[in-house]
Amino acid sequence: MALVHKLLNGTYILRKCPKPSVASCPFLSTRFADYCSSSLEKPVAAPGKASSQRKTEGNLEGHHQREVDLDITSPEDKPEVSFDKAIKEEIKDHFRRLKDDIVNHWIGPEGRPLHEVLMEQAKVVWQFRGKEDLDKWIVTSDKTIGGRSEVFLKMGRSNQSALLYGTLSSEAPQDGESGRSGYCAMISKIPTGPFERKRFYDWSQFNTLYLRVRGDGRPWMVNIREDTDIIQRKDQMYSYFMFTRGGPYWQEVKIPFSKFFFSNRGRIRDAQYQLLLDKISSIGFTLADKVDGPFFLEIDFIGVFTDPAHTEEFAYENSPELNPRLFK
Amino acid sequence: MRLLRLREVKAFFQGHAASHQLGWNWIPRLSLSPKGLKILAASLSCCGCPTGKGMSWAQAILLARGLSRGWGGICSTALTGAPFSQVTPQAPRGLHCSTAAHNPDSPLVPRPPEPQRGLVKALAPHEELFRQAPDGVRDKASFVQAVQNFTQYNVHKRGHVDFIYLALRKMREYGVERDLAIYNLLLDIFPKEVFRPRNIFHSIFLHYPRQQECGIAVLEQMENHGVMPNKETEFLLTQIFGRKSYPMLKFVRMKLWFTRFKNINPFPVPRDLPQDPVDLARLALRHMEPDLSARVTVYQMPLSKDSTDATDPTEPHIVGIQSPDQQAALAHHDPARPIFVEGPFSLWLRDKCVYYHILRADLLPPEEREVEEIPEEWNLYYPMQLDLAYGRSSWDDYEFNIDEVEEGPVFAICMAGAHDQATLAKWIQGLQETNPTLARIPVVFRLSASSGELLASSSGLEETPLTPPEGREEEENNQQRQQQSQS
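Residues numbered from 1 in each chain as written. Chains lettered and ligands numbered in written order. Predicted model: local features only at pLDDT ≥ 70, side-chain atom pairs only at ≥ 80, totals over all residues. Heavy atoms only, no water.

1. A word on the overall build of chain B
Phase 1: When its secondary structure is counted, chain B shows 14 helices and six strands.
Phase 2: Residue pairs at least 24 apart in sequence account for 68% of intrachain contacts in chain B once pairs closer than 6 positions are excluded.
Phase 3: Accessible surface, chain B as shown: approximately 28000 Å² in total, 54% of it carbon and sulfur. (Helix = DSSP H or I, 4+ residues; strand = E, 2+ residues; numbered from the N terminus. Contact = heavy atoms within 4.5 Å. Areas by Shrake-Rupley, 256 points an atom, 1.4 Å probe, with all protein chains shown as cover.)

Dropping the structure here:
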């Protein structure tokens, strides 16, 4: 229950609930980074944001064996412990969003007129122009399984880009279970509608992902997850590699959606399927290139567009040797 | 027959608990074979205690002794704090007693641990084979020698699984982790034709599971280091495990996915990076600069005196790159505005991190920006600028509805051996030869500790105290100009 969740956490202490969550894939354990505290400028609307973060975190896999307490109040913020006010504001906010949603449905998809949506060829999905844009992302690293990598996200140069930086350490945690370690990830939060209903992105008209980044030469992996309620599908994702060039120039990375390969629970599967774009839930960037050291990635914006020259539907054939059942 | 120490028995019980958390890969790693667990559980219940952990350590040691007498050894996990995957059975010391790692028998009453011992790592069974190089040189030849010693030592290849795991761990020390011949040699250690399934029952149940896991571990290490297996590997795997086994399946997958992803890097970096710092800098600068007409200039070669060692030369190398467009932009730059030397920023080439500095100017405020107009006579064949107002709506609009990040232009990039101002000043001097206007422009050094982020241009928070005020810089530039006019 979302509201009960918020009631229990009226102050700004985030608690990672040991949810008996489905199939926890270690690559997607979530943990809040320091930037969360910066969003608490408006103390009234903030409990909603903080708790909405937690609710969406519960939707993603949580590491069910650890309970991490993060006290992120910055020294100048005095937490205003006022449940009634917070709850009232929260309820008003949700009803307002519900009203907007209903009204927007009459105007067109997502509140824009239909002809505009149909003819759109390029769309900016995530941009980084302010602190509130950072709130849409979660940053994780292998600290959740006991490793030593650190990763942070902050606004970059003159508030016009986001900087993801940290240190990667491939020292395996001594927990008797993992042989390898060393990954950092930045995952977008699942978009929510009024009353924290799960929503999805519909990118069916577009065929290429566009990223404007400035990296340091390290290879990253871009993961896209589909929106699904089926438990077995929660570990499935589609990935591809993003190679950064390094250097002081901005780099445009265009990845067609036909190049994304399918993986389940962190392993590439033999039977490959095309990424279907009508229900996308989140996108993520992972760095796990087995090289210890500091890294950074500056992102300007992330968008999708239609590349008229790209006609490929899916890049990977299924091989009869690995999948005899598909070829009967 | 050797008694197990108290720690080992404790570790054994802890390992038993840990064995339930299994990772989901083709290598389910158990600390103890199911048979051992069952026997232990049965004997514990026979002892009459409600839970295994409830009994005294003395009884536990007796039991463990009995079990170890039963068969080969008990896998003791976490004895040395090593990761889970390594199974190191403490085999009973029989005829093939080695001189290493002879632990005295532990008494029945547990002794308190000796604090001055420190971490005593029990050696893996065949580790002494890897120590036999007389001069301690660890290279491919000694590795091959160690492997061959094992095969001669032991015609029946007892303990080959553990030896292969050990060899996989040792490969990095010997520097052979990317050598396909070595991996084929390791696969050659397996006895052939024994592990192939011969009837349907063999193929239904995982035939020789530990050996198959070991084969998969060899292939997995190959995958981690990006080594592509070849026909010899395929033949070996077919000979050892058969065509329908899991190592063979993994091999087929590797063949498929490696070939698919071999050339997807649009900015490939060679696997063997040059050792010479100047060559490395050249490679890195070419890697960063998208303009192919840019020129790399070496302003200073590394020069080290004989007394000092090569890692700390007195004159570090300085290599810079600049393209003709950047030169033109620098020539047009207004001398009243300063330009900045920023850095060092990090660049990763495979597993090597190098640092570079850039020479850039701040953005001009909008009122001072001038739009360069191309005169109409410049090109008579077609107009360079078209202002046609077609009624095109959004179906033809491929631009993103966002303002691009505005940053000042970059004029040059350099890589130097040292990150201090003196070296960079030499770079600026060298740049002045091709950009005479640089002499008149004040240069401000904004050097920071390499945190890997690009500095904020608006807030000069990271300026080091070395940054002199602009007046002094102009003096320095005046001096440089005088030197240049004199030389």
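2. Structural notes on the interface of chain A and chain B
Phase 1: Counting residues at the interface gives 60 residues for chain A, matched by 59 residues for chain B.
Phase 2: Of the roughly 5300 Å² buried where chain A meets chain B, counting both sides, 57% is carbon and sulfur surface.
Phase 3: When the buried surface of chain A facing chain B is broken down by residue, Arg157, Arg245 and Tyr249 of chain A rank first, second and third, together holding 16% of it.
Phase 4: Taken together, the connections running from chain A to chain B amount to 15 residue pairs in polar contact (both at pLDDT 80 or more).
Phase 5: At the level of elements, strand 3 (122–127), strand 6 (162–168), strand 8 (208–214), strand 10 (236–243), strand 13 (267–268) and strand 15 (293–305) of chain A are the ones that each hand at least two residues to the side of chain A that touches chain B.
Phase 6: Residue classes in the side of chain A that touches chain B are distributed as 23 nonpolar, 16 polar and 21 charged. (Buried area = accessible area lost by both parts, 1.4 Å probe. Polar contact = N/O pair within 3.5 Å; in protein donor to acceptor, adjacent residues only side chain to side chain. Nonpolar A, V, L, I, M, F, W, Y, C, P; charged D, E, K, R; others polar.)

3. Concerning the sheet that holds strand 10 of chain A
Residues and elements named next belong to chain A.
Phase 1: Read from one edge of the open sheet, seven strands run 4-7-14-9-10-12-13, paired in antiparallel fashion. The open sheet has two edge strands with one neighbour each: strand 4 (137–141) and strand 13.
Phase 2: As paired strands, strand 9 (residues 219–226) and strand 14 (residues 280–287) are joined by six bridges and run antiparallel to one another. Pairing of Ile224 across the sheet is with Ile283, part of strand 14. (Pairing = 2+ DSSP bridges.)

4. A few points about the packing of helix 4 (residues 140–153) of chain B against helix 6 (residues 180–188) of chain B
Any two packed helices are characterised by how steeply their axes cross, that is the angle between the axes, and by the distance between the axes.
Residue and element names in this part refer to chain B.
Phase 1: As a packed pair, helix 4 and helix 6 sit with axes 11 Å apart at the nearest point and diverge in direction by 5°. In terms of axis orientation, helix 4 runs roughly parallel to helix 6. When helix 4 is examined against helix 6, the residues Lys140, Phe143, Val144 and Val147 are found in contact with a partner set consisting of Ala181, Ile182, Leu185 and Leu186.
Phase 2: Residues of the contact of helix 4 with helix 6, tallied by class, amount to seven nonpolar, no polar and one charged. (Axes fitted to C-alpha atoms, helices over the stretch in contact; angles between N-to-C directions. Parallel < 35°, antiparallel > 145°, perpendicular 65-115°, else oblique.)

5. Focus: the packing of helix 6 of chain B against helix 8 (residues 209–224) of chain B
Residue and element names in this part refer to chain B.
Phase 1: Relative orientation of the contacting elements helix 6 and helix 8 amounts to 175°, with a least axis distance of 10 Å. One way to sum up the angle between helix 6 and helix 8 is to call them roughly antiparallel. Contacts between helix 6 and helix 8 involve Leu180, Tyr183 and Leu187 from the former and Val218, Gln221 and Met222 from the latter.

6. Topic: the sheet that holds strand 1 (residues 295–300) of chain B
The strands making up a sheet are joined through hydrogen bonds of the backbone, oriented either antiparallel or parallel.
Residue and element names in this part refer to chain B.
Phase 1: On the basis of which strands lie adjacent, the open sheet formed by six strands has the order 1-2-5-4-3-6 and mixed pairing. The open sheet terminates on both sides in strands that have one partner only, identified here as strand 1 and strand 6 (443–447). The sheet shows a mean angle of 30° between the axes of neighbouring strands, taken without regard to direction.
Phase 2: The pairing of strand 4 (residues 352–361) with strand 5 (residues 410–416) spans four bridges and is classified as antiparallel. Bridge pairing links Ile358 to Ile413 in strand 5.
Phase 3: Each of strand 1, strand 2 (318–322), strand 3 (339–349), strand 4 and strand 5 is contacted by helix 11 (residues 277–288), which is oriented at about 155° to strand 5, the strand it contacts most.
Phase 4: Packing of helix 13 (residues 421–434) onto the sheet brings it into contact with strand 1, strand 2, strand 3, strand 4, strand 5 and strand 6, and relative to strand 6 it is tilted by some 140°.

7. Notes on the pattern of salt bridges
Phase 1: Evaluation of the coordinates by the stated rule reveals 33 salt bridges over all chains.
Phase 2: The salt bridge involving Arg112 of chain A is made with Glu116 of chain A; its shortest N-O contact spans 3.3 Å.
Phase 3: You can call Arg112 of chain A partly exposed: its relative accessible area is 21%.
Phase 4: Overall, the relative accessible area of 33% leaves Glu116 of chain A in the partly exposed class.
Phase 5: The salt bridge partner of Lys170 of chain B is Glu173 of chain B, with a shortest N-O separation of 4.0 Å. Placement of both Lys170 of chain B and Glu173 of chain B in helix 5 (residues 160–174) is noted, with a separation of three residues, approximately one turn of the helix.
Phase 6: For Glu173 of chain B, a relative accessible area of 42% puts it in the partly exposed group. (Salt bridge = Lys/Arg side-chain N within 4 Å of Asp/Glu carboxyl O. Buried < 20%, exposed > 50% of the residue type's maximum accessible area, 1.4 Å probe, protein only.)

Remember, this is a structural readout, not a statement about activity or role.
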